[in-house]
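Here is what each chain is made of, one letter per residue.
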Amino acid sequence: MMPLQGIKVLDLTRLAPGPFCTMILGDLGAEVIKIEGPPSGRLTQPGLTDKEETAPYAALDRNKKSLVLNLKLDEAQQIFYQLAKTADVIVEGFRPGVVKRLGIDYEKTKKVNSRIIYCSITGYGQDGPYYDLPGHDLNYISFGGVLGIIGTREGDPIIPSNLVGDYAAGGMNAAIGILAAVIARESTGKGQYLDIAMTDGVISLMTRNISEYYASGKLPQRGNERLTGGLPFYNVYQTSDGKCLSIGCLEPWFYENLCRALGREDLIPYQNTTGEKRTEIFSIFKAIFSTKTRDEWFDFLRQHDIPVGKVYELDELAGDTQLTNRNMIVEIPHPSLGRIKQVGISIKLSQTPGQIRSFAPVHGQHTEEILTGLGYNTRSIEQLREKEAIV
């Protein structure tokens, strides 16, 4: 048994935050039906699931079924509501107002299913002066303060891919909210609406930084704070092979271990120094770490109880024994393509673990299967296809 077995999710999302949210739910056992738009419409995002040979690599859509509906047509909306009657969760990521124009918004949906948990993931939320402003991860982490603290002292902010806004503040935050609403429904018997704004989520991730600012009144300086590159003992260094090593010795005992391992006991009293001495320590560490390869330093420093890590390129992940031991890079047998590597399931449950049960579907793969389950016969399905309500 899996923890979310018996929970049915209708997934209307198409960009990173929503699919990541529903991937988490699907990995934990939920039945997830992707409701996609016709290929010519804006409801579909071209990607790995366009072709059978690439779909198995689309991990964000694993453990899901694909149903194609043209929700601009009444016949397709009727199918949506038939599914919504028995669904537990609906997740959508359109701009505010779109689902209402399509006729599938929360207010209408809850009339056919009062227990529905309806989650909207947007950049700025359903209200406020920015609610209808278009945006992407980069914009949300700008407003949330994250971009302002990441980067070097002399340079511009550094863009951390779309990990913070889309995946953490959006998708993961939405999954947490949905799970909380499922638990609440056990007590109230009613569903509810979830308004997940990625900018709100970014602000939440900045709780410590913002709290420290309000306490001290001091603005953090990019590249000069404890956790953003300002310390020589919490930093990244290039090694002799051109690769990089991360050192995280914030605690005094770890810093002392590092200095002793490097043969520089004379630097132990200067952990909290500033100014020229700190600059000098930076230079010393940089010169020392350039004398051996990344892996040589890692093997050496880990023996001295030092927080150390290899800065990996993606092609190195599957070769790390820690990651493979934790099943974070897995190989799944495919009937025609052999063994496919995917990211594993990060949430480890001892009694009800999640499972990767199926690869991502190709676009519309389960349309007929789902409609047949709703009672449609072959002729009625063909009629829907002729009207272009389905594909």
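The structure we're discussing is the one just above.
The structure presented is a predicted model; accordingly, all values stated were derived computationally and were not measured. (Residues numbered from 1 in each chain as written. Predicted model: local features only at pLDDT ≥ 70, side-chain atom pairs only at ≥ 80, totals over all residues. Heavy atoms only, no water.)

Chemist: What's the story with a nonpolar patch on the surface in this structure? I'm lost.
Modeler: Together, Y130, L133 and F143 make up an exposed nonpolar region whose accessible area comes to about 280 Å². Mapped onto the secondary structure, Y130 falls in the loop between strand 5 (117-122) and helix 5 (137-143). Given a relative accessible area of 39%, Y130 falls into the partly exposed group. (Patch = residues over 30% accessible without salt bridge, like charges linked within 9 Å, V, L, I, M, F, W, Y side chains within 5 Å. Areas by Shrake-Rupley, 256 points an atom, 1.4 Å probe, with all protein chains shown as cover. Salt bridge = Lys/Arg side-chain N within 4 Å of Asp/Glu carboxyl O. Helix = DSSP H or I, 4+ residues; strand = E, 2+ residues; numbered from the N terminus. Buried < 20%, exposed > 50% of the residue type's maximum accessible area, 1.4 Å probe, protein only.)

Chemist: Explanation requested: the pairing of strand 3 (residues 64-68) in the structure shown.
Modeler: As a general feature of sheets, a regular strand has side chains that alternate between the two faces. Counting buried positions along strand 3 gives four out of five residues, so the element sits mostly inside the fold. Across five bridges, the pairing between strand 2 (residues 31-36) and strand 3 is parallel. Pairing of I35 across the sheet is with L67, part of strand 3. (Pairing = 2+ DSSP bridges.)

Chemist: When you look at the nonpolar core in this model, what are you seeing that I'm missing?
Modeler: Nonpolar side chains in soluble globular proteins tend to be buried together. Among the nonpolar cores identified, the biggest contains 34 residues, and V9, C119, I121 and I178 are the most heavily contacted of them. Of all the secondary-structure elements, those providing two or more residues to this core are helix 1 (17-27), strand 4 (89-92), strand 5, helix 5, helix 6 (163-188), strand 6 (192-197) and helix 7 (198-205). Examining the composition of this core, we find that seven residues originate from one element, helix 6, more than from any other. Discounting chain neighbours no more than four positions away, the residues touching I121 are P17, G18, C21, V91, E92, G93, F94, G170, A174, I196 and M198. In terms of nonpolar packing, the next biggest core, distinct from the first, is built from 30 residues, L67, I79, I370 and I390 among them. (Core = buried A, V, L, I, M, F, W, Y, C linked by side-chain atoms within 4.5 Å. Contact = heavy atoms within 4.5 Å.)

Chemist: Whenever I open this one, helix 14 (residues 378-386) confuses me. Can you help?
Modeler: Within an α-helix, residues lying three or four positions from one another point in the same direction, as the helix has 3.6 residues per turn. Burial in helix 14 covers these residues: S380, I381 and L384. Each buried residue of helix 14 lies within a common arc of 100° when the element is viewed along its axis, so the set occupies one face. Helix 14 presents T378 and E386 as exposed residues on the side facing more than 90 degrees away from its buried surface. Lining the buried residues of helix 14 we find helix 2 (74-86) and helix 13 (367-373). (Arc of directions from axis to C-beta.)

Chemist: What is the right way to read the packing of helix 1 against helix 6 from this model?
Modeler: Angle between the axes and distance between the axes: these two values describe a pair of packed helices. One way to put it is that helix 1 packs onto helix 6 with a least axis distance of 8 Å and a crossing angle of 45°. Judged by the angle between their axes, helix 1 and helix 6 are oblique. The two elements helix 1 and helix 6 cross, and the hand of that crossing is right-handed. Every residue of helix 6 that contacts helix 1 at P17, F20, C21, I24 and L25 is listed here: D166, Y167, G170, G171, M172, A174, A175, I178 and L179. (Axes fitted to C-alpha atoms, helices over the stretch in contact; angles between N-to-C directions. Parallel < 35°, antiparallel > 145°, perpendicular 65-115°, else oblique. Left-handed = near helix turned anticlockwise from the far one by under 90°.)

Chemist: Would you explain the pattern of salt bridges in this entry?
Modeler: Should the charged atoms of two oppositely charged side chains come close, the side chains can pair. With the rule as written, the count across this model stands at 22 salt bridges. Where R264 meets D266, a salt bridge forms, and the shortest distance between an N and an O atom there is 2.8 Å. Ionic pairing is found between R339 and E331, a salt bridge with its closest N-O pair at 3.0 Å. For R339, a relative accessible area of 54% puts it in the exposed group. Taking relative accessible area as the criterion, E331 reaches 38% and is therefore assigned partly exposed.

Chemist: When you look at the pairing of strand 8 (residues 244-248) in this model, what are you seeing that I'm missing?
Modeler: Alternating positions in strand 8 separate cleanly, L245 and I247 being buried on one face and C244, S246 and G248 remaining unburied on the opposite face. Note that strand 7 (residues 234-238) and strand 8 share five bridges and pair antiparallel. Among the inter-strand pairings, Y234 is bridged to a residue of strand 8, identified as G248. Remark: five residues form the turn of the hairpin made by strand 7 and strand 8, two consecutive strands paired antiparallel; G242 in that turn has positive phi of roughly 80°.

Chemist: In this structure, what is going on with the side chain of T22? I would like to understand it.
Modeler: With respect to the helices and strands, the residue T22 is situated in helix 1. Within the structure, T22 has its side chain in polar contact with the backbone oxygen of P19 (distance 3.3 Å). If near-sequence neighbours (up to four positions away) are discounted, T22 is found in contact with V9, D11, V32, K64 and V91. (Polar contact = N/O pair within 3.5 Å; in protein donor to acceptor, adjacent residues only side chain to side chain.)

Chemist: Got a minute to help me understand the sheet that holds strand 3 in this structure?
Modeler: The strands that make up a sheet are held in pairs by hydrogen bonds between backbone atoms, and each pair lies either parallel or antiparallel. Within the open sheet, the six strands sit side by side as 3-2-1-4-5-6. Their pairing is parallel. The open sheet terminates on both sides in strands that have one partner only, identified here as strand 3 and strand 6. This sheet shows a mean twist of 20° between the axes of neighbouring strands, independent of strand direction. Judged from the four bridges that link them, strand 4 and strand 5 form a sheet pairing that is parallel. Note that in strand 5 the partner of E92 across the bridge is S120. Across the sheet, helix 2 is in contact with strand 1 (8-11), strand 2, strand 3 and strand 4; its angle to strand 1 comes to roughly 150°. Seen against the sheet, helix 6 touches strand 4, strand 5 and strand 6 and runs at an angle of roughly 160° to strand 6.

Remember that the coordinates give geometry; whether it matters functionally is a separate question.
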